[in-house]
Amino acid sequence: TSLNIDMACDNPDAVRAFNLYLKSGAGWYVSTATLAEPGRRILTFPIQSFTAEGRPAGWSRIERVRLSAWRGLPENTELRLFSIRANTDSILLVQNTRSSTSQDEKIFSQRIAKRLSGWLAAENVPHGLVTDDDVIRGILSGARVAVLVCHPHPPREEIAALRKFVAAGGRLVVFYSADPALAELMHVRLGKYKHT
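Now for a quick tour of the structure.

How each quantity is defined
Residues numbered from 1 in each chain as written. Predicted model: local features only at pLDDT ≥ 70, side-chain atom pairs only at ≥ 80, totals over all residues. Heavy atoms only, no water. Core = buried A, V, L, I, M, F, W, Y, C linked by side-chain atoms within 4.5 Å. Buried < 20%, exposed > 50% of the residue type's maximum accessible area, 1.4 Å probe, protein only. Helix = DSSP H or I, 4+ residues; strand = E, 2+ residues; numbered from the N terminus. Patch = residues over 30% accessible without salt bridge, like charges linked within 9 Å, V, L, I, M, F, W, Y side chains within 5 Å. Areas by Shrake-Rupley, 256 points an atom, 1.4 Å probe, with all protein chains shown as cover. Salt bridge = Lys/Arg side-chain N within 4 Å of Asp/Glu carboxyl O. Pairing = 2+ DSSP bridges. Right-handed = clockwise from strand over helix to strand, strands pointing away. Contact = heavy atoms within 4.5 Å. Axes fitted to C-alpha atoms, helices over the stretch in contact; angles between N-to-C directions. Lys, Arg positive; Asp, Glu negative; His and termini not counted. Polar contact = N/O pair within 3.5 Å; in protein donor to acceptor, adjacent residues only side chain to side chain. Phe/Tyr/Trp six-rings, centres within 6.5 Å; stacked < 30°, edge-to-face > 60°. Lys NZ or Arg CZ within 6 Å of the ring centre and 35° of its normal.

**Quick notes on the nonpolar core**
Alright, step 1. Counting 15 residues, the largest nonpolar core has Val 135, Leu 140, Ala 146, Leu 148, Leu 162, Leu 172 and Leu 182 as its most contacted members.
Alright, step 2. Mapped onto this core, the elements with two or more residues apiece are β7 (91-95), β9 (145-149), α3 (156-167) and α4 (180-185).
Alright, step 3. Tyr 29, Leu 35, Leu 43 and Phe 45 belong to the second-largest nonpolar core, a separate cluster that totals 14 residues.

Here is the structure:
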């Protein structure tokens, strides 16, 4: 769900930003980060922050990594790279990309997930933002908690992935869903809808 680069920079004012490029097939995934202070730091590139250039072949087909430093102030600096590491955060917020036929509900879910992400980040709680499609592809295998935000009708493939996740000891937190398969998975009995 994120990539961390452990690096040191003596004078970050000389570098406006860093772009991380991941070559995949006929394209690249690209993300940007900045260093605010000198010294050894961890640059974090969340997977959701990457955009596609060209036609990348998928995350499982990464064949090359490139880090570009963009010039800032006309001053000298030295960069030292120590490591690059891929992480799967233990808490994943799942955005609705397939759990509704309503585009408005999908947009609402994504907005709320990003708001929750901001709250967690403000409290320094490591987490990742993923999608229904990521869940179906198995991204929950390294996580401990999955938070579903506004998922009224998760597709069967996602329910199957969530069953596997829960069977392996994963925990679910669910907002705004009355889906029977999801309720059964959480050992919750659905009642009648009550309008207030």
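**A few points about a nonpolar patch on the surface**
Alright, step 1. There is a patch of nonpolar side chains on the surface, built from Trp 59, Ile 62, Val 65 and Ile 84 and spanning about 330 Å² of accessible area.
Alright, step 2. Mapped onto the secondary structure, Ile 62 falls in strand β5 (residues 62-71).
Alright, step 3. Judged by relative accessible area, which is 31%, Ile 62 ranks as partly exposed.

**Remarks on unusual backbone geometry**
Alright, step 1. Phi is positive for Cys 150, which is not a glycine, with a value near 55 degrees.
Alright, step 2. Owing to a relative accessible area of 2%, Cys 150 belongs among the buried residues under this scheme.
Alright, step 3. Although it is not a glycine, His 187 adopts a positive phi angle of roughly 60 degrees.
Alright, step 4. One can find His 187 in the segment after α4.

**Brief notes about the pairing of strand β10 (residues 171-175)**
Alright, step 1. Two strands pair when backbone bridges link them, and β9 and β10 are joined in this way by five bridges, in the parallel orientation. Each residue of the ladder has a partner; that of Val 149, found in β10, is Phe 175.
Alright, step 2. Considered for its hand, the β-α-β crossover made up of β9, α3 and β10 is right-handed.

**As for the environment of Val 135**
Alright, step 1. Following the sequence through the fold, Val 135 ends up in helix α2 (residues 132-136).
Alright, step 2. When the C-alpha atoms of Val 135 and Glu 157 are compared, they prove to be 8.9 Å apart, with 22 residues separating the residues in sequence.
Alright, step 3. In this structure Val 135 touches Val 94, Val 130, Leu 140, Glu 158, Ala 161 and Leu 162, once residues within four positions along its chain are discounted.

**A closer look at the sheet that holds β9**
Alright, step 1. With respect to topology, four strands assemble into an open sheet ordered β8-β7-β9-β10, the strand pairing being parallel. The sheet is open, and its two borders are formed by β8 (128-131) and β10, each paired with just one other strand. Neighbouring strand axes in the sheet, compared pairwise and without regard to direction, differ in orientation by 25 degrees on average.
Alright, step 2. Each of β7, β9 and β10 is contacted by α3, which is oriented at about 135 degrees to β10, the strand it contacts most.

**Concerning the side chain of Asp 179**
Alright, step 1. Mapped onto the elements, Asp 179 comes out in the loop between β10 and α4.
Alright, step 2. This buried residue, Asp 179, is left without a salt bridge; Arg 163 holds the nearest opposite charge, at 7.7 Å.
Alright, step 3. Within polar-contact distance, the side chain of Asp 179 engages the backbone nitrogen of Leu 182 at 3.0 Å.
Alright, step 4. Residue contacts for Asp 179: discarding those within four places in its chain leaves Pro 152, His 153, Pro 154, Ile 159 and Leu 190.

**What about the sheet that holds β5?**
Alright, step 1. Pairing within the open sheet is antiparallel, and its three strands lie in the order β4-β2-β5. Each edge of the open sheet carries a strand with a single partner, namely β4 (51-56) and β5. Along the sheet, successive strands turn relative to each other by an average axial angle of 25 degrees, direction set aside.
Alright, step 2. Judged from the six bridges that link them, strand β2 (residues 15-33) and β4 form a sheet pairing that is antiparallel. Bridging from a neighbouring strand, Gly 25 pairs with Pro 56 of β4.

**Side note on the packing of aromatic side chains**
Alright, step 1. If you walk through the whole model with that rule in mind, you get four aromatic pairs.
Alright, step 2. One aromatic cluster is present, built from ring pairs that chain together Tyr 29, Phe 45, Phe 50 and Trp 59.
Alright, step 3. A cation over a ring is seen here: Arg 66 above Trp 28, with NZ or CZ 4.9 Å from the ring centre.

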